[in-house]
Amino acid sequence: MNTAEVVVNMPPANAMEAGQFIQLDNVFKAYNNELVVMDGMNLDMRADDRLVIIGPSGSGKSSLLRVLMGLEGIQGGDINFHGQPYIKSENNDSKVVSDELHSRVGMVFQHYTLFPHLTVMGNLILAPMKVHGKDKQSCIAKGRELLARLGLEDKVDYYPSQLSGGQKQRVAIARALMLEPELMLFDEVTSALDPEMVTEVQNVMMQLAEQKMAMIIVTHDMHFAREIATRVVFCAGGKIVEQGTPDEVFGNPKEARTREFLDKVLHLN
Ligand SMILES: Nc1ncnc2c1ncn2[C@@H]1O[C@H](COP(=O)(O)OP(=O)(O)OP(=O)(O)O)[C@@H](O)[C@H]1O
Ligand SMILES: [Mg+2]
């Protein structure tokens, strides 16, 4: 695979201060008014952070990412981005209050979400052209450049059904990068892949990390979590139970709940 660097947009220097990038303030989310998945959650993310969210199945990790992507509402609290209102709760519902901030967030999901009737290039250029009004030629040029950097230059005209799982996920990452996000959200992007394809996708994420891309990553792969994270956040029962550097959380967890979780998952690996 071509391991040339992926160029990402660096946030402005003044966004590097703590609390100035993503800030969750007392966020509450429940499904159907009863299943609480975010129970007064507070979280500060710096622009140079790579947060890895870990926690038991059903603890609300995907819900948190979907909220940040504007795909799910919250019922209480606020989310700021760059110190400005991004998502606000009102009357038991919420809305993304800044489309401009919303356009700076990209997401890659566990299951490939490529459009099956479009080629790789068709998938890449759709949103920049239709949503952002960019011209086709510049989108194609940018798409070719990204595909080359992700080792997919020979797949430009392929359809998703002609790609391996790892290739599809790399195309999904390239598609998100086409919109030049400042923050990338990754929800278990390798968990549906065969083991030999996991590495090629994780390598791409490591390249982005080296380029200082701000990321929030949900993964059950504790080895990868330890490698890529600047900060690990352990969630359970709608709350952040513990957070710290990878060495702190994996090497010396303070909370019994964290230790119990890590014991369980590390013995499975
Ligand atoms: N749209 C929905 N409507 C109702 N309940 C939902 C919805 N989406 C998720 N849930 C429930 O909310 C809880 C948290 O789900 P979520 O997918 O956020 O967990 P998760 O931490 O990502 O779990 P996993 O590790 O298994 O992916 C689960 O009990 C789930 O069944
Ligand atoms: Mg999930």
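Higher on the page you've got the structure.
Residues numbered from 1 in each chain as written. Chains lettered and ligands numbered in written order. Predicted model: local features only at pLDDT ≥ 70, side-chain atom pairs only at ≥ 80, totals over all residues. Heavy atoms only, no water.

**Here we look at the sheet that holds strand β9 (residues 214-218)**
Now for step 1: Overall, mixed pairing links the 6 strands, which are arranged β7-β8-β9-β3-β10-β11 in an open sheet. Unpaired on one side and paired on the other, β7 (105-108) and β11 (239-244) mark the two borders of the sheet. Neighbouring strand axes in the sheet, compared pairwise and without regard to direction, differ in orientation by 20° on average.
Now for step 2: For strand β3 (residues 50-54) and β9, the ladder comprises 4 bridges, and the chain directions are parallel. Directly across from isoleucine 53, in β9, lies its bridge partner valine 218.
Now for step 3: Helix α1 (residues 61-68) rests against β3, β7, β8 (183-187) and β9 of the sheet, and its axis sits at about 150° to β8. (Pairing = 2+ DSSP bridges. Helix = DSSP H or I, 4+ residues; strand = E, 2+ residues; numbered from the N terminus. Axes fitted to C-alpha atoms, helices over the stretch in contact; angles between N-to-C directions. Contact = heavy atoms within 4.5 Å.)

**Describing the side chain of lysine 168**
Now for step 1: Mapped onto the secondary structure, lysine 168 falls in helix α5 (residues 165-177).
Now for step 2: Put simply, lysine 168 is tucked away with no salt bridge, and the nearest opposite charge, on aspartate 194, sits 11 Å away.
Now for step 3: Beyond its immediate sequence surroundings of up to four residues, lysine 168 is in contact with Tyr112, Leu114, Pro160 and Leu163. (Buried < 20%, exposed > 50% of the residue type's maximum accessible area, 1.4 Å probe, protein only. Lys, Arg positive; Asp, Glu negative; His and termini not counted. Salt bridge = Lys/Arg side-chain N within 4 Å of Asp/Glu carboxyl O.)

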